[in-house]
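# Chain and residue survey
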Amino acid sequence: MSLVSAKEMLNKARDGKYAVGQFNINNLEWTKAILLTAQENNSPVILGVSEGAGKYMGGYKTVVGMVNGLLEDLKITVPVALHLDHGSYEGAYKAMEAGFSSIMFDGSHYAIDENIAKTTELVKVTSEKGLSLEAEVGSIGGEEDGVVGAGEIADPNECKQISDLGVTMLAAGIGNIHGKYPANWKGLAFDALSQINDVTGDVPLVLHGGTGIPAEMIKKAISLGVAKINVNTECQLSFAEATRKYIESGKDLQGKGFDPRKLLGPGFEAIKATVKEKMELFGSVNQA
Ligand SMILES: [Zn+2]
């Protein structure tokens, strides 16, 4: 199956009260692990690529080529969207040109009028191409590719203004943070989420910073309109832990243990386990 827009899978998720996971990719192992896990669990999936990760992998064309090749070679039949994560205005156009099927334009750092103007234009361009578009209101806390957000609570009126433009999905800051959550984190702002859900109609909402949010908060967020949850750091942590164990136990020094296909194996399996766990928690298993 070739890449699809995220629109249908997210509308279905919103109606069915579950969420589709966006798992960010960094290389071949990440991409293969996530695609195979989605297929094994009959789950729709969104592959997230930040601008930094896109650059790291060589560029957007390389990413699109790798993902399309894997969809065919691994005989992936579940719906897969390739999504630019926190795209800039220029980055959005570059990713579209390379063949991404879904775009996030993060205009949260602009004044609301400029965010509206640029999002309006991108709604038009993406819908003409049959692609899905995610917009953001209120910055997400923590650091993403060097951009540090303060973790704002989005203004519901601004959320309504942006969602009324016809975006496919809306990311709104509700106290969520990228990366690990600090010990004194206050939790998700459910009052704000509930207000945002009330004013934005049936636009699927997106929860960024899915790593380390307790399961009951995830479930409550889904009940309040969240239909897409982004997971990035958690796969990085499980990959690093499994790889560290392999090296520390000296396995790379035994036989051909230095072969990258062996050395990267435990990390690959660890990503698969994390993705499966999230798909079960989000309720997307058997929803392909
Ligand atoms: Zn994010």
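Residues numbered from 1 in each chain as written. Predicted model: local features only at pLDDT ≥ 70, side-chain atom pairs only at ≥ 80, totals over all residues.

Positive phi is not limited to glycine here, since K17 has a value of about 60°. Tracing the chain through its elements places K17 in the loop between α1 (7–16) and β1 (20–24). In this model, H86 sits at a positive phi of 50°, which is unusual for a non-glycine residue. Mapped onto the secondary structure, H86 falls in strand β3 (residues 80–87). (Helix = DSSP H or I, 4+ residues; strand = E, 2+ residues; numbered from the N terminus.)

In terms of nonpolar packing, the biggest core is built from 75 residues, with I34, L47, V80, I103 and L170 touching the most fellow members. Each residue touching V80, except ones within four places of it in the same chain, is listed here: L3, V4, L35, A38, V45, L47 and L71. (Core = buried A, V, L, I, M, F, W, Y, C linked by C-beta atoms within 7 Å. Buried ≥ 20, exposed ≤ 12 C-beta atoms within 10 Å, placed from the backbone. Contact = placed C-beta atoms within 7 Å.)

A word on the sheet that holds strand β2 (residues 45–50). Sheet architecture is closed into a barrel: eight strands sit in the order β1-β2-β3-β4-β5-β8-β9-β10, paired in parallel fashion. When strand polarity is set aside, the average angle formed by the axes of neighbouring strands in this sheet is 25°. Pairing geometry for β3 and strand β4 (residues 102–105), over three bridges, is parallel. Its bridge partner lying in β4, G87 is registered against F105. Taken strand by strand, α1 contacts β1, β3, β5 (132–137), β8 (169–172) and β10 (226–231), and its axis lies near 120° from that of β10. (Pairing = 2+ DSSP bridges. Axes fitted to C-alpha atoms, helices over the stretch in contact; angles between N-to-C directions.)

Once that is clear, we can look at the UniProt feature "binding site: dihydroxyacetone phosphate" (unreviewed entry) in the protein chain. In this structure's numbering, the residues bearing the UniProt feature "binding site: dihydroxyacetone phosphate" (unreviewed entry) are G179, G209, G210, T211, N230, V231, N232 and T233. Look at the named residues: they lie 55 residues apart in sequence, but the longest C-alpha span between them is just 11.0 Å, so in the fold they bunch up. In this structure, T211 sits in the loop between β9 (205–207) and α9 (215–223). Ignoring anything within four residues of it in the chain, the contact list for T211 reads K180, V231, N232, T233 and E234. Within the fold, N230 resides in strand β10. (UniProt positions renumbered as here; feature names shortened; annotations may be inferred.)

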